[in-house]
Amino acid sequence: MSMPEFPEIATPGQPLAPVASYTLGTGVHIFNDRICASVVGQPSLSAPTTKSESKQILSVLRPSQSGSSGKQGDVALTNLLPQVGNNVLARVTRINPRQATVGIFVVGDTVCNDEFQGIIRQQDVRATEKDKVKIFSSFRPGDIVRAQVISLGDQSNYYLSTASNSLGVVVAHSGRVPLHLDVLATFCCLLTAL
Amino acid sequence: MTDRRRINGPSDGTTPIVYAGVPKAKQLPPRAPDALRKIFLKTSLTPPATGSSFLELPSPAPAGTPTLKLTASVYGPRPLPPSAPFSPHARLTAELKFAPFSTPHKRRGYVRDAVERDLSVQLQNALVKSIKTAAYPKSGIDIFITVLDCEGGLDGDDDDGVEVGLMNVLAGAITCASAAVADAGIECVDLVSGGVAALVRRAPAGGDAMDVDLPAPVVVLDPSPADGGQVVSAAVVGYMAGRDEVTLLWTKGAMETADQGGDELDLLMDGAITTATAVRLVLNEAVKERLLLGIARSRLKKEGGGDVLMS
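Because the structure is a prediction, the values reported are computed rather than measured. (Residues numbered from 1 in each chain as written. Chains lettered and ligands numbered in written order. Predicted model: local features only at pLDDT ≥ 70, side-chain atom pairs only at ≥ 80, totals over all residues. Heavy atoms only, no water.)

A. Molecular detail of the overall build of chain B. When helices and strands are tallied, chain B shows 3 helices and 9 strands. Helices and strands in chain B line up, N terminus first, as β-β-β-β-α-β-α-β-β-β-β-α. Of all 311 residues assigned to chain B, the portion counted as buried reaches 47%. Nonlocal contacts in chain B, meaning residues at least 24 apart in sequence, comprise 70% of its contacts between residues at least 6 apart. Surface accessibility of chain B: about 15900 Å² in total, with carbon and sulfur atoms responsible for 57%. (Helix = DSSP H or I, 4+ residues; strand = E, 2+ residues; numbered from the N terminus. Buried < 20%, exposed > 50% of the residue type's maximum accessible area, 1.4 Å probe, protein only. Contact = heavy atoms within 4.5 Å. Areas by Shrake-Rupley, 256 points an atom, 1.4 Å probe, with all protein chains shown as cover.)

Written as C-alpha cells, this is what we have:
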C-alpha cells in the first residue's frame, strides 16, 4: 500500500523523504540527505523489524502480481543474486572426493533466470565428523540439495553448506538401492523435508 | 553445337533489370530552434530479455521522412563466464549494432565496425555511472542496442559542416538503454537521458548560401540531419537530471571555449542538457507506463471478482 505522501510509482533518482524520517529498505538509496528510489516501483512502508527501532522502513517495490507486466517470472526481479545467508535449491552437476559442484536454480523463494554455479566442499557437508565425510556417499549427480550460501566464493563458484538439520539432499533418484539408503542414512532430515 | 556440361545463358540475350529508384527523403516541416521532436518510447517489448525498450523519433513521423528507430534489450544480472576474473561489482557491457538495413542506399555489414565499437564504449561510459554495480557482485549486465533506422544515413563529415546523425543515434541509445535498464528492475541511482544540440547556420531565406556576410549560427536543440542548414558544431550529453550530473560529453566541430573568449561550448552544453532534461520527462513516463497498467489491471481484478480484461 502506498502512502498518500508518496507518488504512486517512483522512478530511479526520485527523492522520496528526508533521511531522518525512515529506515532504508530495498530499492532505495541516499543522495543529498534524501531517500531516493533506485528502481521503478511503488513506495511502501513497513513496520520496523526490531522493537528498539521506531522508524518505519521505506522500500520501493516492483509489483509482482501476475499480469503486472507482460512477462512471466517477474517476481525474480526483486532478489536476483544469491547472497550470503540465503537458502537455495541446487542441482548436483558433478562430484569429486573433495567437493560437489552444483547449479543453483532457486534463491529464497524465487526461481532464477540463470543457473549460478556453486560448490559444497567436503568440510561444509555436515557440522560434525567433518573429516569422515565422503562426498561420494553424500551426493550423486542429479540430486536436488537445499543449502545455505556461506560465501560469495571465488570467480565462478558460490560456496554452499548443508551443515544444518534443515539442509541437505531433498530429492534423489536412485540407480542402485543401497546407495540411496546410504544417502537417507546420512541425512535423516530428508524425511521431514519431503 | 551447345555445351551440355554447363548451364548456358539464353541464346537471344536479356535486358538488364531496371529497379525503381529509392525515393528521396522528404524534407521535414521547419521547426523553431528550441522545438523538440516528439518521442515514442515503450518498454518490455522483447519477451526473452530481462528488460527492453523501443524508441522512435520523431513520432508520429510523416510517411517518407527519415526516422530514428532503436531497440534496447538488457540481460542480467547473470553469472559471468568461468573465465572472467572475480569482480565485486557487476560488469556492464554495452553493444550497439546497426541493422544491415538501417542506412538507406548503403547496406551495412554484420561484422562490428569502428563506428559501432566507438558508440558502444561511449554508451557504456554514459550508463555505468547510473547503475549501482556494487549491488550485483560477480555478475554481468549486458545491454544490446540495435539501430533499425538512422535518419537517412551517416555519410560522415562533408563540406557542409559536421554530421549530427551519429550523435542523434548515441543520444537515442542512451535514453533507450536507460529505459530498458529501469524496466529490467536493475538498481540505479538515476536514469540517464541523452540530448543533442548544435550550432546551425541557416541560409537566409531567398539569399545565397555563399553570401559574404554569413548569418550568425544559432543553437538548435535536437537537430536532425534532415533539417538542412550548415551545422558548425554539435554536442551530445548523457545527463542524469535527478542529480544534475553529466555522464558523457561528445563534441564535434569548431567551437570557442571560455578561455578563448567565447561561450560556444557552454551554449552547446546548455542546449544539450535542456534537450536531455526534456527527454527525461518522456523517459520517466515510459518506465512508469507498464507498472501503472499492471496496477490498474490488478484493481480491475479485485473489483470485477475475477473477470479480467484479456491482454
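B. Broad picture of the overall build of chain A. Along chain A, the regular secondary structure elements total 3 helices and 12 strands. Taking all 194 residues of chain A together, 42% fall into the buried category. Sequence-distant contacts, at least 24 apart, represent 49% of the contacts inside chain A between residues at least 6 apart.

C. Examining the UniProt feature "domain: S1 motif" (unreviewed entry) in chain A more closely. The residues that UniProt annotates with the feature "domain: S1 motif" (unreviewed entry) are residues 85-163 of chain A. Overall, residues 85-163 of chain A shows 5% helix and 53% strand. The separation of its end C-alpha atoms is 13 Å. (UniProt positions renumbered as here; feature names shortened; annotations may be inferred.)

D. Region of the structure containing helix α2 (residues 165-183) of chain B. Residue and element names in this part refer to chain B. For α2, built from 19 residues, the straight-helix expectation of 27 Å at 1.5 Å per residue is met to within 8% by its first-to-last C-alpha distance of 27 Å. Burial analysis of α2 places 19 of its 19 residues in the buried class, which makes it a mostly covered element. Immediately downstream of α2, the backbone of Gly185 shows phi near 80°, a positive value. (Expected span 1.5 Å × (residues − 1).)

E. Just the pattern of salt bridges, in detail. All names here are of chain B. Tallied over the full model, the rule gives 15 salt bridges over all chains. Notably, a salt bridge pairs Arg37 with Asp222, separated by 2.9 Å at the nearest N-O pair. Of this pair, Arg37 sits in the segment before β1 (40-43) while Asp222 is found in the loop between β7 (218-221) and β8 (230-240), placing the two residues 185 residues apart along the sequence. What makes Arg37 buried here is its relative accessible area of 8%. Taking relative accessible area as the criterion, Asp222 reaches 7% and is therefore assigned buried. Taking the shortest distance from any N to any O, the salt bridge between Asp149 and Lys69 comes out at 3.7 Å. Of the two residues, Asp149 is situated in strand β5 (residues 139-150) and Lys69 in strand β3 (residues 68-79); the sequence distance between them amounts to 80 residues. Each of the salt bridges in this network shares a partner with another, and the network as a whole consists of Arg37, Glu151 and Asp222. (Salt bridge = Lys/Arg side-chain N within 4 Å of Asp/Glu carboxyl O.)

F. Looking closely at the interface of chain A and chain B. In this assembly, 36 residues from chain A lie in contact with 42 residues from chain B. When the two sides are added together, the surface that chain A and chain B hide from each other amounts to roughly 3100 Å², 58% of it contributed by carbon and sulfur. Viewed at the interface, chain B and chain A are joined by 1 salt bridge. The residue Arg299(B) makes a salt bridge to Glu8(A) at a minimum N-O spacing of 3.1 Å. Between the two partners, chain A and chain B, sit 10 residue pairs in polar contact (both at pLDDT 80 or more). Looking at the side of chain A that touches chain B, its residues break down into 14 nonpolar, 16 polar and 6 charged. (Buried area = accessible area lost by both parts, 1.4 Å probe. Polar contact = N/O pair within 3.5 Å; in protein donor to acceptor, adjacent residues only side chain to side chain. Nonpolar A, V, L, I, M, F, W, Y, C, P; charged D, E, K, R; others polar.)

G. Molecular detail of the sheet that holds strand β2 (residues 23-24) of chain A. Residues and elements named next belong to chain A. The strand order across the open sheet built from 3 strands is β2-β6-β5, with neighbouring strands paired in mixed fashion. Sheet topology places β2 and β5 (42-46) at the edges, where each strand pairs with a single neighbour. Of the pairings in the sheet, the one linking β2 to strand β6 (residues 57-61) comprises 2 bridges and is parallel in character. Pairing of Leu24 across the sheet is with Leu58, part of β6. (Pairing = 2+ DSSP bridges.)

H. Spotlight on the environment of Thr257(B). Residue and element names in this part refer to chain B. Note on placement: Thr257 falls in the loop between β9 (245-253) and α3 (264-304). Separated by 10 residues in sequence, Thr257 and Leu267 have C-alpha atoms that sit 9.8 Å apart. Once residues within four sequence positions are removed from consideration, Thr257 is found in contact with Gly262 and Leu265.

I. Quick peek at the confidence of the model for chain B. Per-chain confidence: chain B averages 86 in pLDDT, with 88% of residues scoring 70 or above. Interface confidence for the predicted complex, given as ipTM, is 0.78, next to a pTM of 0.83. (pLDDT = per-residue confidence, 0-100.)

J. Local environment of the sheet that holds β8(B). All names here are of chain B. Across the sheet, 4 strands lie side by side as β7-β6-β8-β9; this open sheet has antiparallel pairing. Where the open sheet ends on each side, the last strands, each with one partner, are β7 and β9. Within the sheet, the average angular offset between the axes of one strand and its neighbour, ignoring direction, is 20°. Summarising the sheet, strand β6 (residues 193-201) and β7 pair through 4 bridges and their orientation is antiparallel. Considered in β7, the bridge of Ala198 is made with Val220. Helix-sheet contacts for α2 involve β6, β8 and β9, and the interaxial angle to β6 is about 160°. (Axes fitted to C-alpha atoms, helices over the stretch in contact; angles between N-to-C directions.)

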